[in-house]
Amino acid sequence: MSASTSTATPPVYRVTGRRVVRSEWSKFWSLRSSWITLGVAVLFLVAIGSVAAALYTPDGPLGGKDADSGAALTLALAGTNLAALAVGALGVLMSAGEYGTGMVRSTFAAVPSRLPVLWAKCAVYGPIAFAAAALGALVSFLIGSAALHGEPIALSLGDAGVFRCLLGAGLYLGLVGVYGVTVGLLVRSTAGGIAILAGVVLVLPGLTGLLPSSLGDTVSRYLPSNAGQSVMTLHASGDSLVGPGAGFAALLVWAVLLLAGAAYRLRRSDV
Amino acid sequence: MIEVRGLTKRYGDRTAVDGLSFTAPPGRVTGFLGPNGAGKSTTMRMIVGLDAPTGGTALVNGKPYAQHRAPLQELGVLLEAKAVHPGRSAFNHLMALAYTHGVPRRRVEEVIDLAGLHAVAHKRVGAFSLGMGQRLGIAAALLGDPAVVMLDEPVNGLDPEGVRWVRELLRGLAAEGRTVMLSSHLMSEMAQTADRLVVVGRGRLLAETTVDALVERSADKGVRVATGEPARLRSLLAGPGVTVTSAGAERLVVSGLDTRRIGEVAAEHRVPLYELAAESVSLEEAFMQLTQDAVEYQSVDAGRAA
């Protein structure tokens, strides 16, 4: 038995960005936890959204005469926060999880320049999370539309802004996936990463109330969760949300900051 | 070829590797020997760029490992710590690594067969025994058909058949002209596999030598002779540079003469011999001696420098 290949001339191998992406793609789908967590995220979106729509009554909090014309979307996307947790947690698992199992040593022995791995993880998982979330949001909206048929707040897919909101939900969750990957690389601990992410998505918006009100409002609007709300809300009402364009820009800025931090740590620290 | 020059790694005020220099040349099996905590694993991690050295350089085939276009083709490594996700199958683990370099699926199947993992290739790695995990690590190290193979404690957890397999594999790789470096804290393991030895302790180089030199060193410990007439043989053998000591009623230990000469003298004078054998110290003892010497030389050097 020889360790060499049977070919006469040695093969020419080379690491390329595309190949690292291919590797991360295969890593993602070859773990059961990826399928389960992604499924849970979609389930949250669809189940919570359709239950919310099914339980809707015109006398409820979202009904009445001055019901927001975007209420049907608000109902359909009611599961976004929980789905964001699942999607973000999966992002953390993809990166910090490798430190926990030791896989990271194999990963960076194969790609010792390291940064391609960060880009590849985001390039693989961002679109996957986006696609799953956009699909979940769409299904949730369609089920909700059927339940709300005939109600004054009913919307159809063709109505102005509806498509943008569903797409926005997908983009928001896709970026939350990227946040998860980067936070995981920054803290290198699955539990820690998920805790930070849950804190930012669920707890932090409530804490801005502790800041002086003018500052608190400004900060609050640009937090990932509220910026995320702006991209998937039909009509931003009041001061709590910025417009969808500004919201999306804020989400991108967060992503860039986190990517820069993760890249810095990846280059500077020992594995 | 691995060339390590003045390699140093400090964690705070603890020095794990201290100005280490050695070479692992192609076509040979270089044993990296030292007690646990001597800095072997840290050195290997620095060679593959997982840890950045505080000082010094480690070159793989003339370049830092991370600067190669196809690192896995230059050097394949098995690290001591687990480096596999337990939820993935052996096949998928190897495929994920193969994709980064464009290594074909055919090669993945080849190393799976080579490592004897065919039957378990599609099982989750988490269910593997220590030995099977070790085989998977070795398969991963060979994946890129590398010019250098570096294995940290490769026989850990392997059964005797597995240990023999690793030995033959490594000797075969060296015979093909590849550089092979393996670490161990067991001299006996090294003696059976390595040609050259790099001995470290407390992060420092204690000796860079060959197994043959060590064997030679250990050979000269005298000749054991058993005879019915010890007193007569003793006087017959006496001469310049020869010492004979008594080691029991009918036993002598002779140094300064080899077995052949002693046998001739005894036959000439019709002294019956019951036993005639060259005494050797164990390699383990020779190794201890050697490292002791190395430590002494170092302190002398330090004294001169001061």
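Structure: above.
What you see is a predicted model; the values in this text were computed from it and never measured.

Colleague: Can you explain the overall build of chain A? Please cite residues and give values.
Modeller: Along its length, chain A carries 11 helices and 0 strands. Walking chain A from its N terminus toward its C terminus, one meets helices and strands in the order α-α-α-α-α-α-α-α-α-α-α. Expressed along its principal axes, the backbone C-alpha trace of chain A runs to roughly 80 × 45 × 30 Å. Residues counted as buried form 49% of the 271 residues belonging to chain A. Once local pairs closer than 6 in sequence are excluded, the contacts in chain A between residues at least 24 apart make up 78%. Of the roughly 11,900 Å² of accessible surface on chain A, 68% is carried by carbon and sulfur atoms. Charge separation in chain A, taken as the distance between the mean sites of 16 positive and 10 negative side-chain charges, equals 24 Å.

Colleague: Break down the sheet that holds strand β12 (residues 251-255) of chain B for me, with residues and values.
Modeller: Residue and element names in this part refer to chain B. As summarised here, the arrangement of the 4 strands in space is β11-β12-β10-β13, forming an open sheet in which the pairing is antiparallel. Taken across any chain shown, the strands that pair with only one partner, and hence form the sheet edges, are β11 (243-246) and β13 (273-278). Strand-to-strand twist in this sheet, taken as the mean axis angle between neighbours without regard to direction, amounts to 20 degrees. Bridge count between strand β10 (residues 223-227) and β13: 5 bridges; the pairing is antiparallel. Bridging across to β13, Val225 finds its partner in Leu276. Taken strand by strand, helix α10 (residues 259-268) contacts β10, β12 and β13, and its axis lies near 160 degrees from that of β13.

Colleague: Tell me what's going on with helix α1 (residues 17-29) of chain A, and back it up with residues and numbers.
Modeller: With 13 residues, α1(A) extends 19 Å between its outermost C-alpha atoms, agreeing within 8% with the 18 Å of an ideal straight helix rising 1.5 Å per residue. Within the span of α1(A), buried status applies to Val20(A), Ser23(A), Glu24(A), Ser26(A), Lys27(A) and Phe28(A).

Colleague: Outline helix α9 (residues 230-237) of chain B, supporting the account with residue identities and numerical values.
Modeller: Residue and element names in this part refer to chain B. For α9, every residue scored as buried is listed here: Pro230, Leu233 and Leu237. For α9, the angular spread of buried residues about the axis comes to 65 degrees, placing them on one side. Of the residues in α9, the exposed ones pointing more than 90 degrees away from the buried face are Ala231 and Ser235. For α9, the secondary structure elements touched by its buried residues are β10, β11, β12, α10 and β13.

Colleague: Describe the nonpolar core, naming the residues involved and giving the relevant values.
Modeller: Generally speaking, nonpolar side chains in soluble globular proteins are found buried as a group. If you look at the biggest cluster of nonpolar residues, it comprises 115 residues, and the most contacted ones within it are Tyr125(A), Ile2(B), Ile47(B), Leu75(B), Met150(B), Met181(B) and Leu197(B). Among the elements that make up this core, the one with the highest residue count is helix α6 (residues 115-147) of chain A (10 residues). With residues up to four places along the chain from it excluded, the contact list for Met181(B) reads Ile2(B), Phe22(B), Ala24(B), Thr30(B), Phe32(B), Met44(B), Ile47(B), Val149(B), Met150(B) and Leu151(B). Formed by 37 residues, the second largest nonpolar core is a distinct cluster that contains Tyr56(A), Ala133(A), Ala169(A) and Tyr172(A).

Colleague: Outline the environment of Gly180(A), listing residues and values.
Modeller: Checked against the element boundaries, Gly180(A) lands in helix α7 (residues 162-187). Separated by 14 residues in sequence, Gly180(A) and Ile194(A) place their C-alpha atoms 7.7 Å apart.

Colleague: For the environment of Pro53(B), give the residues involved together with the corresponding values.
Modeller: Residues and elements named next belong to chain B. With respect to the secondary-structure elements, Pro53 resides in the loop between α1 (40-47) and β4 (55-60). Sequence spacing of Pro53 and Gly6 is 47 residues, and the spatial spacing of their C-alpha atoms is 9.8 Å. Every residue in contact with Pro53, bar those within four places of it in the chain, is listed here: Leu7, Thr8, Lys9 and Met46.

Colleague: Can you tell me about the sheet that holds strand β5 (residues 75-78) of chain B, naming the residues and giving the values?
Modeller: Residues and elements named next belong to chain B. On the basis of which strands lie adjacent, the open sheet formed by 6 strands has the order β5-β6-β7-β3-β8-β9 and mixed pairing. What marks the edges here is a single partner per strand, and that holds for β5 and β9 (204-210). Within the sheet, the average angular offset between the axes of one strand and its neighbour, ignoring direction, is 15 degrees. Note: strand β6 (residues 148-152) against strand β7 (residues 179-184), 5 bridges, orientation parallel. Bridge pairing in β7 places Val148 opposite Thr179. Helix-sheet contacts for helix α6 (residues 160-175) involve β3 (29-33), β6 and β7, and the interaxial angle to β7 is about 150 degrees.

Colleague: Explain the packing of aromatic side chains to me, and be specific about the residues and the numbers.
Modeller: Given two aromatic rings, one states the distance between the centres and the angle between the planes to describe the pair. All names here are of chain B. Taken as a whole and assessed by the stated rule, the structure comprises 5 aromatic pairs over all chains. Measuring from ring centre to ring centre gives 5.2 Å for Phe22 and Phe32, while their planes differ by 40 degrees; the resulting arrangement is tilted. Taken together, the residues span a long stretch of sequence, with Phe22 in strand β2 (residues 14-24) and Phe32 in strand β3 at a distance of 10 residues. Taking the relative accessible area as the measure of exposure, Phe32 reaches 0% and is therefore buried.

Colleague: So what about unusual backbone geometry? Which residues, and what values?
Modeller: The residue Arg188(A) is not glycine, and still its phi comes out positive at about 60 degrees. Structurally, Arg188(A) is set in the loop between α7 and α8 (190-207).

Colleague: Give a description of the interface of chain B and chain A that names residues and reports values.
Modeller: At the interface, 47 residues of chain B touch 34 residues of chain A. Between chain B and chain A the total buried area reaches about 3,600 Å² when both faces are included, carbon and sulfur atoms providing 56% of it. Here chain B and chain A share 1 salt bridge between them. Ionic pairing is found between Lys9(B) and Asp270(A), a salt bridge with its closest N-O pair at 2.6 Å. Put simply, the parts of the chain that give the side of chain B that touches chain A at least two residues each are β1 (2-11), α2 (71-74), α3 (90-101), α4 (105-114) and α6 of chain B. At 7 residues, α3(B) tops the list of elements feeding residues into the side of chain B that touches chain A. Of the residues belonging to the side of chain B that touches chain A, the class tally is 24 nonpolar, 10 polar and 13 charged.

Colleague: If you had to explain the pattern of salt bridges to someone new, which residues and values would you point to?
Modeller: Counted according to the given criterion, the structure contains 22 salt bridges over all chains. Between Lys121(A) and Glu24(A) there is a salt bridge, and its shortest N-O distance comes to 2.9 Å. Taken as a pair, Lys121(A) in helix α6 and Glu24(A) in helix α1 lie far apart in primary sequence, 97 residues in all. Like Lys121(A), the residue Glu24(A) is buried in the burial classification. Linking Arg167(B) and Glu189(B) is a salt bridge whose minimum nitrogen-to-oxygen distance equals 3.3 Å. Pair noted here: Arg167(B) is in helix α6 and Glu189(B) is in helix α7 (residues 187-193), with a separation of 22 residues, a long-range link. Accessibility expressed as a relative area gives 9% for Glu189(B), which makes it buried. Here the salt bridges share partners, and the residues they tie into one network are Glu24(A), Lys27(A), Glu98(A) and Lys121(A).

Basis of the calculations
What you see as residue numbers is a count from 1 along each chain, following the sequence as written. All chains are assigned letters beginning with A, and all ligands numbers beginning with 1, in the order in which they are written. In keeping with the predicted nature of the model, local features appear solely for residues at pLDDT of at least 70, side-chain atom pairs appear and are counted solely at 80 or more, and the whole-chain, interface and lining totals rest on all residues. The basis for every side-chain value is the complete set of heavy atoms in the structure, and neither hydrogens nor water enter the calculation. Helix and strand labels come from DSSP, where a helix needs a run of H or I of at least four residues and a strand needs a run of E of at least two; each type is numbered from the N terminus. In this scheme, a residue with accessible area under 20% of its type's maximum is buried, one over 50% is exposed, and one in between is partly exposed, where area comes from a 1.4 Å probe on protein chains only. Any pair of residues with heavy atoms lying within 4.5 Å of one another is described as a contacting pair. The protein chains shown are the only cover counted for residues, whose accessible areas, like all others here, come from Shrake-Rupley with a 1.4 Å probe. Under the convention used here, Asp and Glu are negative, Lys and Arg are positive, and both His and the chain ends fall outside the count. We put the charge of a Lys on NZ, of an Arg on CZ, of an Asp on CG and of a Glu on CD. Pairing between strands is defined by DSSP: at least two bridges between them are needed. Angular values range over 0 to 180 degrees, each being the angle between N-to-C directions of two axes fitted as lines to C-alpha atoms, with helices fitted over their stretch in contact. One fewer than the residue count of a helix, multiplied by 1.5 Å, yields its expected span. By arc we mean the arc of the directions from the helix axis to the C-beta atoms, nothing more. Here, nonpolar core refers to any group of buried Ala, Val, Leu, Ile, Met, Phe, Trp, Tyr and Cys residues whose side-chain atoms link them within 4.5 Å. The criterion for an aromatic pair is that two Phe, Tyr or Trp rings (for Trp, the six-membered ring) have centres within 6.5 Å, with stacked assigned to planes under 30 degrees apart, edge-to-face to planes over 60 apart and tilted to the rest. As used here, buried area is the combined drop in accessible area, with a 1.4 Å probe, of two parts when they are placed together. Each salt bridge in this description consists of a side-chain nitrogen of Lys or Arg and a carboxyl oxygen of Asp or Glu lying within 4 Å of one another. Side-chain classes are defined by residue name, with Ala, Val, Leu, Ile, Met, Phe, Trp, Tyr, Cys and Pro counting as nonpolar, Asp, Glu, Lys and Arg as charged, and the others, Gly among them, as polar.

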